[in-house]
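Overview (structure and organization)
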Amino acid sequence: MKPFAYLNPTSEKEAIGTLGTEHGTVAPLAGGQDLLARMKDYLAQPDRVVNVKNALDTTITSTPDGGMKIGAAMRIVDLAEHAEVAQRYPAVALAAVEVGTPQIRNQGTVGGNINQRPRCWYFRNEEFVCLKKGGSVCFSVSGENQFNAILGGGPSFIVHPSSLAVPFVAYNATFRLAGPKGERMVRAGDYFTLPSKNLQTENVLAPNELLTHVILPAPGAAKTGHYEVRYKASHDWPIAFATVVMSMNGDTISSARVVMGAVAPIPWRAEAAEAALVGKKITEETAAAAADAALKGARPMSRNAYKVQVARTAVKRAILRAGGLATV
Ligand SMILES: Cc1cc2nc3c(=O)[nH]c(=O)nc-3n(C[C@H](O)[C@H](O)[C@H](O)COP(=O)(O)OP(=O)(O)OC[C@H]3O[C@@H](n4cnc5c(N)ncnc54)[C@H](O)[C@@H]3O)c2cc1C
Ligand code: SF4
């Protein structure tokens, strides 16, 4: 491993002062499960590693407008076990509790989860200098693409690896970013970037900024459903999953946010599904029609057509769960 300086700031301001202006030269270290693995695999070679766990907020607080503010250094296990989060934002708690294994949830943080890098096999192997690593080829196009994107891909076909990002987008959360010029607020839905706009990174975070908080708006009386599909009930990322947040007027859906995970390079908002839900009651037929709409634009690769049906099922079951209708 390349030698690096290790810094241990104790305040947000001090941490920001240690960051650089070029991606890759300085790396914030949270739980380290992604960063340290990439360093050991020669994929990340920072000059400075900045431990942010003593500098950033580890707590959850209430906001004046009835929402909640989650510190980026909070451990995933603490989010998963937070009673008020589970009661008010059940999809966030469900997504957190499904991440990896107990050990991974004990070590991983909210900020690290949102900013973890892609799991594409070619990205993770130093031998493959693919497009995303400055090369000229996306090896997944003619290679192993079982777990790659079916929506929004090109020229890179990663899927975003964060389970927490999907409910954060569905609940219309805001991310607080802090940098040398102060703070800026970015909607979760605007934070993540498609490879067609930005190949080098997966979001709008500048190299000299940190993600410090996730701010959830008051949930009101929204109905929420979350459904994940995995190969096995053990440590792995989902094949496809969905979070649905619906506002109701009586038993009619007045507005909906439908967001899919593990299908696209960003948490994928299915606006056609949202439109299909508005004005309807939550029934098996409504859920099926919305799920069909969500996947209508899917463009599977040579080996991942199976994901289209998996994602369709995840959307349908998330809607049914939101309606309190039984799903297996
Ligand atoms: C076997 C396995 C299974 C997993 N399964 C899942 C899963 O199902 N779902 C899922 O979502 N995740 C999964 N993960 C990922 C895990 O949940 C961790 O969240 C993730 O690896 C990174 O969290 P961390 O705190 O360890 O981050 P780190 O490794 O410390 O950081 C990750 C990246 O984010 C940057 N970073 C960290 N904090 C900040 C910040 N505050 N601001 C800006 N940048 C920051 C770092 O520089 C680094 O680039 C799995 C991991 C493993 C090893
Ligand atoms: S999908 Fe992206 S990360 Fe994977 S090989 Fe293609 S360019 Fe590289």
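Worth saying up front: this structure is predicted, and the values here are computed from it rather than measured. (Residues numbered from 1 in each chain as written. Chains lettered and ligands numbered in written order. Predicted model: local features only at pLDDT ≥ 70, side-chain atom pairs only at ≥ 80, totals over all residues. Heavy atoms only, no water.)

1. Overview of the site of ligand 1
In the vicinity of ligand 1, 33 residues are found, and the nearest of them are P28, A30, G32, R38 and S163. The backbone of S163 places a nitrogen or oxygen atom 2.7 Å from an oxygen atom of ligand 1. Bound to the protein, ligand 1 loses 92% of the 970 Å² it would expose on its own. Looking at the shell around ligand 1, the elements that each hand over two or more residues are β2 (26–29), α2 (35–40), α7 (110–115) and β8 (210–216). Element by element, the count of residues in the shell around ligand 1 is highest for α7, at four residues. Residues of the shell around ligand 1, tallied by class, amount to 15 nonpolar, 14 polar and four charged. (Near = heavy atom within 4 Å. Polar contact = N/O pair within 3.5 Å; in protein donor to acceptor, adjacent residues only side chain to side chain. Areas by Shrake-Rupley, 256 points an atom, 1.4 Å probe, with all protein chains shown as cover. Helix = DSSP H or I, 4+ residues; strand = E, 2+ residues; numbered from the N terminus. Nonpolar A, V, L, I, M, F, W, Y, C, P; charged D, E, K, R; others polar.)

2. Some thoughts on the sheet that holds strand β11 (residues 252–261)
The strand order across the open sheet built from four strands is β9-β10-β11-β12, with neighbouring strands paired in antiparallel fashion. Since the sheet does not close on itself, it has two edges, and those belong to β9 (223–229) and β12 (268–269), each with one partner. Bridge count between strand β10 (residues 240–249) and β11: nine bridges; the pairing is antiparallel. Across the sheet, residue T243 finds its bridge partner in β11, namely V259. Of the strands in this sheet, β9 and β10 are in contact with helix α5 (residues 90–98), which crosses β9 at around 20 degrees. (Pairing = 2+ DSSP bridges. Contact = heavy atoms within 4.5 Å. Axes fitted to C-alpha atoms, helices over the stretch in contact; angles between N-to-C directions.)

3. Observations regarding unusual backbone geometry
Across the junction of G154 and P155, the peptide omega takes the value 0 degrees, indicating a cis bond. Along the chain, the position of P155 falls in the loop between α7 and α8 (165–170). In this model, Y42 sits at a positive phi of 60 degrees, which is unusual for a non-glycine residue. Topologically, Y42 is positioned in the loop between α2 and β3 (48–51). Here the phi dihedral of N172 falls at roughly 60 degrees; this positive angle occurs in a residue that is not glycine. With respect to the helices, strands and loops of the structure, N172 is situated in the loop between α8 and β6 (174–179). For N172, a relative accessible area of 25% gives the class partly exposed. (Buried < 20%, exposed > 50% of the residue type's maximum accessible area, 1.4 Å probe, protein only.)

4. So, the nonpolar core
Counting 40 residues, the largest nonpolar core has I70, L79, V110, I114, F168, F175 and Y191 as its most contacted members. Once you skip the residues sitting within four places of it in the chain, F175 turns out to touch I114, F168, R184, M185, V186, A188, Y191, F192, L211, H213 and V214. (Core = buried A, V, L, I, M, F, W, Y, C linked by side-chain atoms within 4.5 Å.)

5. Structural notes on the pattern of salt bridges
Counted according to the given criterion, the structure contains 18 salt bridges. In this structure, R184 engages E209 in a salt bridge whose closest nitrogen and oxygen atoms are separated by 2.7 Å. Linking R184 in strand β7 (residues 182–187) with E209 in the loop between α9 (188–191) and β8, this pair joins segments that are 25 residues apart in sequence. By relative accessible area, R184 is classed as partly exposed at 33%. In this structure, D251 engages K281 in a salt bridge whose closest nitrogen and oxygen atoms are separated by 3.7 Å. Here D251, found in the loop between β10 and β11, pairs with K281, found in the loop between α10 (271–277) and α11 (284–295); they are 30 residues apart in sequence, far enough to count as distant. We classify D251 as partly exposed; its relative accessible area is 47%. Given a relative accessible area of 44%, K281 falls into the partly exposed group. What emerges from the salt-bridge pattern is a single network uniting E12, R176 and E183. (Salt bridge = Lys/Arg side-chain N within 4 Å of Asp/Glu carboxyl O.)

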